[in-house]
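# Per-entry structural report
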Amino acid sequence: MLEMTREEFEELVAEALDRIPQELTRLMDNVAVFVEDEPPADDPELLGLYEGTPLTERGEWYAGVLPDRITVYRGPTLRMCETREDVVAETEVTVVHEIAHHFGIDDARLHALGYG
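The notes below deal with the structure included here. (Residues numbered from 1 in each chain as written. Predicted model: local features only at pLDDT ≥ 70, side-chain atom pairs only at ≥ 80, totals over all residues. Heavy atoms only, no water.)

## Topic: the overall build of the chain
Within the chain, the regular secondary structure consists of five helices and three strands. With respect to the principal axes defined by its C-alpha atoms, the chain has extents near 45 × 30 × 25 Å. The proportion of buried residues among the 116 residues of the chain is 35%. The contacts of the chain with a sequence gap of at least 6 include a subset with a gap of at least 24, amounting to 74%. Of the roughly 6,900 Å² of accessible surface on the chain, 52% is carried by carbon and sulfur atoms. In the chain, 9 positive and 27 negative side-chain charges are present, and the distance between their average locations comes to 3 Å. (Helix = DSSP H or I, 4+ residues; strand = E, 2+ residues; numbered from the N terminus. Buried < 20%, exposed > 50% of the residue type's maximum accessible area, 1.4 Å probe, protein only. Contact = heavy atoms within 4.5 Å. Areas by Shrake-Rupley, 256 points an atom, 1.4 Å probe, with all protein chains shown as cover. Lys, Arg positive; Asp, Glu negative; His and termini not counted. Charge placed at Lys NZ, Arg CZ, Asp CG, Glu CD.)

As structure tokens, this is what we get:
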């Protein structure tokens with residue numbers, strides 16, 4: 001397995017977020033991004049997870065709620081990648097994938113766009 005500290009991995013996630021166009025990040029609302037070492041035990045290969053209410057499903061009722069949560073998982077990413085460059089690329093794909101869920105884009109469309 002490729003070795004990378006949590007701090008290094010968190011920096012890669014931050015860099016991936018910085019590469020998201022400002023036109024999109026300005027539209028993101030009430031969402032926080034986290035790094036965890038491992039996903040839930042029932043899905044050990046999960047690279048990222050979006051939990052919340054997509055922007056496309058929010059209505060007048062949406063007020064005073066906790067932020068949506070995007071989590072990127074370090075362990076499975078490092079286990080599947082062979083080089084640091086692979087980790088950089090996979091982290092970027094995962095961040096884009098989970099942000100797309102925040103915008104209401106489903107897995108089928110993401111796979112068609114190459115962000116599966």
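Additional details are given in the paragraphs that follow.
## Section: the packing of aromatic side chains
This structure, assessed with the given rule, holds one aromatic pair. Taking 5.6 Å as the distance between ring centres and 80 degrees as the angle between the ring planes, the aromatic pair formed by Trp61 and Tyr62 counts as edge-to-face. Lying across the ring of Phe34, Arg69 places its NZ or CZ 3.9 Å from the centre. (Phe/Tyr/Trp six-rings, centres within 6.5 Å; stacked < 30°, edge-to-face > 60°. Lys NZ or Arg CZ within 6 Å of the ring centre and 35° of its normal.)

## Some points on the nonpolar core
Core analysis: the largest hydrophobic core is formed by 18 residues, its most contacted members being Met4, Phe9, Val13, Val87, Val95 and Ile99. Within the residue set of this core, elements represented by two or more residues are α1 (6–18), β3 (68–73) and α4 (84–102). Beyond its immediate chain neighbours, meaning those up to four positions away, Ile99 contacts Leu17, Ile20, Met28 and Ile70. (Core = buried A, V, L, I, M, F, W, Y, C linked by side-chain atoms within 4.5 Å.)

## Describing the pattern of salt bridges
Across all of its chains, the model carries eight salt bridges by this definition. For Glu92, the salt bridge is made with Arg19, and the minimal N-O distance between the two is 2.6 Å. On the criterion of sequence distance, the pair formed by Glu92 in helix α4 and Arg19 in the loop between α1 and α2 (22–25) is long-range, its members being 73 residues apart. Assessed through its relative accessible area of 29%, Glu92 is described here as partly exposed. Since its relative accessible area comes to 41%, Arg19 is described here as partly exposed. Residue Arg58 pairs with Asp68 through a salt bridge whose shortest N-O separation is 2.7 Å. Taken together, the residues span a long stretch of sequence, with Arg58 in the loop between β2 (48–51) and β3 and Asp68 in strand β3 at a distance of 10 residues. Grouping residues by exposure puts Arg58 and Asp68 together as buried. (Salt bridge = Lys/Arg side-chain N within 4 Å of Asp/Glu carboxyl O.)

## Digging into the sheet that holds β3
One open sheet holds the three strands; their spatial order is β1-β3-β2, and the pairing between them is mixed. The strands lining the two open edges of the sheet, one partner per strand, are β1 (31–36) and β2. The sheet shows a mean angle of 15 degrees between the axes of neighbouring strands, direction not considered. Bridge analysis of β1 against β3 gives six bridges, and the strand direction is parallel. Bridge pairing links Val31 to Asp68 in β3. On top of the sheet, α1 reaches β1 and β3; it is set at about 150 degrees to β1, its chief contact. (Pairing = 2+ DSSP bridges. Axes fitted to C-alpha atoms, helices over the stretch in contact; angles between N-to-C directions.)

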